[in-house]
Structures are given as structure tokens and as C-alpha cells.
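Structure at a glance
Now for the letters of each chain:
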Amino acid sequence: QESRGLGDVYKRQALYNAVRLRYQLVPYIYTMAREAYETGVSLCRPMYYDYPEDERAYTYSRQYMFGDNILVAPIGAPMENGVSDVKVWLPAGNDWYEWHTGTMLKGGQTVTRAFAIDEYPIYIKAGSILPFCDRVKSLADDDLSYVVTVFPGGDGAFELYEDNGNDKEYDRKYACTSLQSKRVGNRLEVTIGSRKGEYPGVPAERGFR
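I will try to describe carefully the structure that is included in this document. Because the structure is a prediction, the values reported are computed rather than measured. (Residues numbered from 1 in each chain as written. Predicted model: local features only at pLDDT ≥ 70, side-chain atom pairs only at ≥ 80, totals over all residues. Heavy atoms only, no water.)

Counting residues in each nonpolar core, the largest one holds 25 residues, and the members touching the most others are Tyr28, Phe66, Ile70, Leu130 and Phe158. If you list the elements that add at least two residues to this core, you get helix 2 (26-39), strand 3 (70-72), strand 8 (122-125), strand 9 (129-133), strand 10 (146-150) and strand 11 (156-162). (Core = buried A, V, L, I, M, F, W, Y, C linked by side-chain atoms within 4.5 Å. Buried < 20%, exposed > 50% of the residue type's maximum accessible area, 1.4 Å probe, protein only. Helix = DSSP H or I, 4+ residues; strand = E, 2+ residues; numbered from the N terminus.)

Below, the discussion takes up unusual backbone geometry. Its identity as a non-glycine residue notwithstanding, Asn81 has a phi of 55 degrees, on the positive side. Structurally, the position occupied by Asn81 is in the loop between strand 3 and strand 4 (84-90).

Applying the stated rule across the entire model yields ten salt bridges. The salt bridge involving Arg172 is made with Glu169; its shortest N-O contact spans 2.7 Å. Residue class for Glu169 comes out partly exposed when judged on its relative accessible area of 26%. In this structure, Arg187 and Glu189 form a salt bridge, with 2.7 Å as the shortest nitrogen-oxygen distance. Residue classification places Glu189 among the partly exposed positions, given a relative accessible area of 33%. Residues participating in the shared-partner salt-bridge network are Arg45, Asp50 and Asp68. (Salt bridge = Lys/Arg side-chain N within 4 Å of Asp/Glu carboxyl O.)

Applying the stated rule across the entire model yields 14 aromatic pairs. Both rings, one in Phe132 and one in Phe151, keep their centres 6.4 Å apart while their planes meet at 70 degrees; by these two values the pair is edge-to-face. Of the two residues, Phe132 sits in strand 9 while Phe151 sits in the loop between strand 10 and strand 11, which places them 19 residues apart along the sequence. Cluster of aromatic residues (ring-pair linked, three or more members): Tyr97, Trp99, Phe132 and Phe151. (Phe/Tyr/Trp six-rings, centres within 6.5 Å; stacked < 30°, edge-to-face > 60°.)

This part is about the environment of Tyr60. With respect to the helices and strands, the residue Tyr60 is situated in the loop between helix 4 (56-59) and strand 2 (64-66). Judged by relative accessible area, which is 18%, Tyr60 ranks as buried. For the pair Tyr60 and Pro46, spaced 14 residues apart in the sequence, the C-alpha separation amounts to 9.3 Å.

The subject of this paragraph is the pairing of strand 8. Relative to strand 8, strand 3 is paired through three bridges, and the arrangement is antiparallel. Its bridge partner lying in strand 8, Leu71 is registered against Tyr123. Across three bridges, strand 5 (residues 96-98) lies against strand 8 in antiparallel orientation. Bridge pairing in strand 8 places Trp96 opposite Lys125. (Pairing = 2+ DSSP bridges.)

Take the sheet that holds strand 5 next. An order of 1-2-3-8-5-6 is seen for the six strands of this open sheet, with the pairing classed as antiparallel. The sheet is open, and its two borders are formed by strand 1 (44-46) and strand 6 (104-105), each paired with just one other strand. In this sheet, strand 6 lies alongside strand 5 in antiparallel orientation, the contact comprising two bridges. Each bridged residue has a counterpart across the sheet, and for Tyr97 the counterpart in strand 6 is Met104.

Here the focus is a nonpolar patch on the surface. Together, Tyr10, Met79 and Ile117 give the surface a local cluster of nonpolar side chains, amounting to about 270 Å² of exposed area. Its place among the elements puts Ile117 in the loop between strand 7 (109-115) and strand 8. (Patch = residues over 30% accessible without salt bridge, like charges linked within 9 Å, V, L, I, M, F, W, Y side chains within 5 Å. Areas by Shrake-Rupley, 256 points an atom, 1.4 Å probe, with all protein chains shown as cover.)

The side chains of a regular strand alternate, residue by residue, between the two faces of the sheet. Most of strand 11 sits out of view: five of its seven residues are buried. Note that strand 11 and strand 12 (residues 175-184) share seven bridges and pair antiparallel. Residue pairing for strand 12: Phe158 is matched across the bridge by Leu179.

The next subject is the side chain of Ser84. For Ser84, the position within the fold is in strand 4. In terms of polar contacts, Ser84 uses its side chain to reach the backbone carbonyl oxygen of Ala77, at 3.2 Å. Of note is the side chain of Ser84, whose polar atom sits 3.5 Å from the backbone nitrogen of Met79. Beyond its immediate sequence surroundings of up to four residues, Ser84 is in contact with Ile75, Ala77, Pro78, Met79, Arg113, Ala114 and Phe115. (Polar contact = N/O pair within 3.5 Å; in protein donor to acceptor, adjacent residues only side chain to side chain. Contact = heavy atoms within 4.5 Å.)

Below, the structure is given as C-alpha cells:
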């Protein structure tokens, strides 16, 4: 009884963390949604969209790209001894940062990784610079602060997209902010450009850290 109760608490916490992660990712997701509007390429897409010349892009059919920078390899096996083993194909062309462990893995290989119930097979392209929400309580707040997250492994660039999220004027009333990271010797330079564009309700200031 007691162990089952602890297990339920653990599962609830895992669900809470998953929802919280989704809210943290909103600036990235919204930017990729704009890209889908512009190009017709979905936010969630099969691996062969991005890597059509590699046979594994077709055989590893459970995996998908989540926007341009994130790869997800869903768990489809039951847990044994508290973990599930997942065979993950990491495409060549760049290295991959494993979200939950912070491990940098070489691209161009297949690896078997173990995940607990509160961990997710999420891999981010090395060198990415991505915007996440900071302490989200409601997406209705226009003045949310963003965390500019720099992943090691190379120089990065990202064009953050914003609109008021509440009308059909997004096709012409929106704003973009350039994010860049660059390694100069032993120093990391992160540049947040000035916002370009306007939309109704645009916040006068945006907090970044």
C-alpha cells in the first residue's frame, strides 16, 4: 500500500513535469508553428523530411523531428527494473545533446539508452540556441520572461517569432528577435538582437536571461 502510494505520487510528479516542460517550450513551439505556416512543413515530422538520403530515416519510423532543432524517440517498450531501453538513431551532420542527462552524443550512430518514467528521449542539435519560458503560470501574460538556452557544441542562431496570439492578423502583424551564440576563444558570446516588427499588445520590454 505504502509503496503503491509513493509510486502514484512519482507518476503524478512525472505528469506535472511533462506539462511544465511543454509550457517551457512554448516560445520554440510557437516559432516552429510560424515556420509551418510559411513552409507547409509540420512541427512534428518524420525523420526522412530532414534526412531523406539516409535509409535509417525510414526504418526508425517511431522517431520524429520536433521543429528544426529537437529530435524525439518515443518509448514503446515496457519498463524493466524501473527503466525502458530505447534504441535511438542520431543522424550525422552534427552531435546531439541528450536533454535529461546532459550527455553529448556523436551524430551518425545508433545508441541504446535507458529512461525512467520521468525522463524523455529528447535530443537537441549541438550548438542550438533556443528560447524557453521562465516560470510560466499563464500563457495569457504578454510580458513573460524568456530563458535563452545555449546548448554546447557549436555556434547557434534562432529567429524568435511573436504575435498577439489572439486574432487573424498574424500574417502581417508580428515581430522577430534574433538570438545568436558564438564561441570566441574561451568565451561564449550570446547576442539578443532588437525586436523587429510590431503587433497589437506587443510588450514594451521582454525579460531575457
